[in-house]
Amino acid sequence: MAIALGSVLISFGLKNLGALDELNKRLTHGLYHERPLSESIVIVGIDDRSFSDPEQGGLGAFGSWPRTLYADAIENLRDAGAHSIFLDVVFKNKQETFTSRELAEMVLDAKTSDEVVEELAESLGNEHPADLAFKSALGNDVFLYADPATTPLLEGKLLTTTGERGSLQSFVEAAHSVIGGVQPDGNEQAVYTLPLGFQVGDQFIEGLSLALARDYLHRGAESGGQWSGDDYAFDALRMIPVERGQFLVNYAGESYSFPTLSFADIVNGNFEEADVAGKIVMVGATSTLLQDLVTTPIDPDVAMPGVELQANAIETILSAEFLKHQSAMGFALVLSILISAAVAAFLFLPILAGSAVLVALLIAFPFYAQWQFNHGVIVDFIWTIFALITAYLASLAYRNFTEFKEKRYLKNAFSHYVAPAVVKSLMDEPDALKLGGERRNISVLFLDIENFTHISEGLQPEQVVSLMNNIFNSLTEVIMAEKGTVDKFEGDAIMALFGAPVHSETHAVEACRAAIKLQEKLGEINKSMGSSLNIRVGIASGDAIIGNMGSKARFEYTAMGDTVNTASRLEGINKFYTTKILVTGGTFESVKEQFTFREVDTICPKGKDDALKIYELLGTTVNDEGKTVLTIWNEGLSAYRAGNWEIAEAKIKEVQMKMPTDGPSKTLLGRIDEMKKTPREGWDGVWRFSEK
């Protein structure tokens, strides 16, 4: 039961986190398959032949096409009985130049040169004849492409934008404008979805695909679709599943599967009326030169023209062959049944037979997935396969480990993850491997490699790992030599315990001695590597809860409590004073006879209310000159706390003259200067941090 439940929960967790999502989508590509087309859609491709020389039946260079060509295409299609015409072209600028053909016709039609000049001047002052011809050809059966005016944002279950950005307003007023565009989720291997529509202010506007399908099925209808829970009721027969404001395109064919006519033939009238009569005619780029191409799951190797992508979306709506992803509840149910049965086989059948069951399930699952796809559901591939393999490996491991004695199991399982003292404790007391803890007086040390993130930016990942391992290996040896236990590594930081799990009356001494030796060890590392790394150390001594923390399924030996939090805070507070080792008053009182300290400040870390005295650990001894400097510092610190700014400033500057790079002096002088300019009411000598 534990293996089955664990496999299901891990797989479910990975799915919710989106892990392996790219691989899962790639595996679903094989589920898409060709379906019979409804013959309601035909594509008019702006293809390579359309760019050819007019003498060869083409229209010449694409960039020189006058808009009269589009007008001719619209009129020819309308005369042939096309139901609706979609232009996947944006006409955002006025046509202001004349082609050589237009100029030649103007000269031939004019009787005198004056007439040429007059006609040219009149044309330049008004709308271009090509624009007028194009606008006059538009109508309620023509749809112009538009993009969202701003990047769509998902709010609730709808994509929102401020409006549309497409063709000239004068053209839009003479036809319909439909908003299209692809909105990937950032983890796409192909285009799987298209926007259902867009919320613009208080109005929901159906997207390009829905708008053209609605016109084809319900032209003249007064109302659109309605929401039914998370689905969109397009009409009485079509309930569209909606995911993040989009719907899944059920591709009916591979690239270039839809019936396609050449734009040049449409303009020149070289086509059969039956090819377009009563159909949605979609005019768009099919030539690869125009780069309007997308990758699709049904044909990942051959890019599909954008206009054909829209045709597949409309075909999905017309045929009502909608898709949706498997629900979380459905996934959990199928996975639980499958894994429970599989684990039973893995555990109780002979190993070879269990392996055969695994292979059989891995082979059978794609057939089940295809059956579900054919019924409109895309199942989750990778996480189911992951759960099966995880359950199989876990079952084998369980069967193997139960053959060994409990102590050997414990030793092998834990020796690589926790300190040897913890392993020995568990070996001596196996019952200790359970949740729970005890209160004990310990010292906690936190260290962090200063600016390591910046340093590692110039390194390759494997170089960063190697560098971290080398540094941590050396620092860990120092900690453990001083009877410390490395509790955990967190990025470029280490948390260590002194006095736990092995009890010690001198844990504060051991922690301070370790901190000094850690700085010395880092100096050796810098010398050998030619680097200039620094570490900050924070030490706190006091009561903490130590023991096995976590859940029944997963726990670890660690310490918790205010002492731990304070040590962590002190490590970070070093950066405000440019110090290397800071300790709490509890640590100072325990070891002040063995080490030399400087009282740095009285503070309240962010999020805490109680004042805390902090001390800088300077070393084991100090010379006479150092003692003199400490005396001056203490006098300055006393004046600072009393608000005697002049005396405090003079004393601390005297310290700074003797130690020009002293961080605490610089910090306090900066505060004194600030408070002289802007006095703080109720100054009590405690500095309260507003940041960590």
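Predicted model only: the values in this text are computed from it and were never measured.

Enquirer: Is there a simple way to think about the overall build of the chain in this case?
Expert: Within the chain, the regular secondary structure consists of 23 helices and 29 strands. By the burial criterion, 49% of the 692 residues in the chain qualify as buried. In the chain, once contacts between residues fewer than 6 apart in sequence are set aside, the share between residues at least 24 apart is 73%. Accessible surface, the chain as shown: approximately 34800 Å² in total, 53% of it carbon and sulfur.

Enquirer: Explain the sheet that holds strand β4 (residues 153-155) here, please?
Expert: Pairing within the open sheet is mixed, and its 4 strands lie in the order β4-β5-β9-β10. What marks the edges here is a single partner per strand, and that holds for β4 and β10 (203-206). Taking the axes of each pair of neighbouring strands and ignoring which way they run, one obtains an average angle of 40 degrees across the sheet. Alignment of strand β5 (residues 158-160) against strand β9 (residues 197-200), held across 2 bridges, turns out to be parallel. For L159, the partnering residue across the bridge sits in β9 and is F198.

Enquirer: What exactly am I supposed to notice about the packing of aromatic side chains here?
Expert: Two aromatic rings are characterised by how far apart their centres lie and by the angle between their planes. For the coordinates displayed, the defined rule picks out 27 aromatic pairs. Between the aromatic rings of Y70 and F263, the centroid separation amounts to 5.4 Å while the plane-to-plane angle is 45 degrees, which identifies the pairing as tilted. A residue pair is termed long-range when its members are at least 10 positions apart, and Y70 in helix α3 (residues 68-79) and F263 in helix α9 (residues 263-268) qualify at 193 residues. Across this residue pair, the class does not change: Y70 and F263 are buried. Ring pairs connect the aromatic residues F51, F62, W65, Y70, F91, F134, F171 and F263, which therefore count as one cluster. Cation over ring: R598 sits above W633, and NZ or CZ is 4.6 Å from the ring centre.

Enquirer: What exactly am I supposed to notice about empty space enclosed by the protein here?
Expert: Which parts of space are left empty comes out when a probe the size of a water molecule is rolled across the atoms. Tallied over the entire structure, the rule returns 2 cavities of 30 Å³ or more. Here the largest cavity is characterised by a volume of approximately 40 Å³. Taken together, I179, G180, G181, L194, P195, G207, L208, S209 and Q310 make up the lining of the largest cavity. The class makeup of the residues in the lining of the largest cavity is 4 nonpolar, 5 polar and no charged. Of the pockets and cavities examined, the second largest cavity occupies roughly 30 Å³. Lining the second largest cavity are Q326, F331, V334, L335, F365, V379, D380 and T384. With 3 residues, the single largest contributor to the lining of the second largest cavity is helix α11 (residues 328-348). Here the residues of the lining of the second largest cavity are counted per class, giving 5 nonpolar, 2 polar and 1 charged.

Enquirer: How do you make sense of the environment of I280 when you look at a structure like this?
Expert: Note on placement: I280 falls in strand β16 (residues 280-285). Relative accessible area serves as the criterion here: at 0%, I280 is assigned to the buried category. When the C-alpha atoms of I280 and I314 are compared, they prove to be 9.5 Å apart, with 34 residues separating the residues in sequence. Not counting residues within four places of it along the chain, the set of residues in contact with I280 comprises S40, I41, V42, S84, L212, Y216, I314 and L318.

Enquirer: Would you mind showing me how to read the side chain of S40 here?
Expert: By secondary structure assignment, the location of S40 is in the loop between α2 (21-28) and β1 (41-46). The buried category is assigned to S40, whose relative accessible area is 9%. Beyond its immediate stretch of four places on either side in the chain, S40 contacts Y216, K279, I280 and L318.

Enquirer: Can you walk me through the packing of α2 against helix α13 (residues 381-401) in this structure?
Expert: The relative placement of two packed helices comes down to the angle between their axes together with the axis-to-axis distance. It is at 7 Å that the axes of α2 and α13 come closest, and there the two elements cross at 110 degrees. By the angle class used here, α2 and α13 are roughly perpendicular. Contact residues: D21, L23, N24, L27 and T28 in α2; F381, I382 and W383 in α13. Across the contact of α2 with α13, the residue classes tally to 5 nonpolar, 2 polar and 1 charged.

Enquirer: Just to check I follow, could you spell out the environment of L59 for this structure?
Expert: Within the element layout of this structure, L59 appears in the loop between β1 and α3. For L59 and L69, which are 10 residues apart along the polypeptide, the C-alpha to C-alpha distance reads 8.6 Å. Contacts of L59, omitting those with residues within four sequence positions, involve S50, S52, P54, W65, L69, F263, A264, V267 and N268.

Enquirer: Where do I start with the packing of α11 against α13 in this structure?
Expert: Two elements in contact, α11 and α13, have axes whose closest approach is 9 Å; the angle formed by their N-to-C orientations is 30 degrees. In terms of their interaxial angle, α11 and α13 are classed as roughly parallel. In the crossing of α11 with α13, the sense of the turn from one axis to the other is right-handed. Mapping the contact onto sequence places F331, L335, L338, I339, A342, V343, F346, L347 and F348 in α11 and W383, T384, A387, L388, A391, Y392, S395, Y398 and R399 in α13. Tallied by class, the residues present in the contact of α11 with α13 amount to 15 nonpolar, 2 polar and 1 charged.

Cut-offs applied
- Residues numbered from 1 in each chain as written.
- Predicted model: local features only at pLDDT ≥ 70, side-chain atom pairs only at ≥ 80, totals over all residues.
- Heavy atoms only, no water.
- Helix = DSSP H or I, 4+ residues; strand = E, 2+ residues; numbered from the N terminus.
- Buried < 20%, exposed > 50% of the residue type's maximum accessible area, 1.4 Å probe, protein only.
- Contact = heavy atoms within 4.5 Å.
- Areas by Shrake-Rupley, 256 points an atom, 1.4 Å probe, with all protein chains shown as cover.
- Pairing = 2+ DSSP bridges.
- Axes fitted to C-alpha atoms, helices over the stretch in contact; angles between N-to-C directions.
- Phe/Tyr/Trp six-rings, centres within 6.5 Å; stacked < 30°, edge-to-face > 60°.
- Lys NZ or Arg CZ within 6 Å of the ring centre and 35° of its normal.
- 1 Å grid on protein atoms, 1.4 Å probe; cavity = no way out; pocket = protein on both sides within 12 Å on 5 of 7 lines; lining within 4 Å.
- Points joined across faces, edges and corners; volume = space filled by probe spheres on them.
- Nonpolar A, V, L, I, M, F, W, Y, C, P; charged D, E, K, R; others polar.
- Parallel < 35°, antiparallel > 145°, perpendicular 65-115°, else oblique.
- Left-handed = near helix turned anticlockwise from the far one by under 90°.

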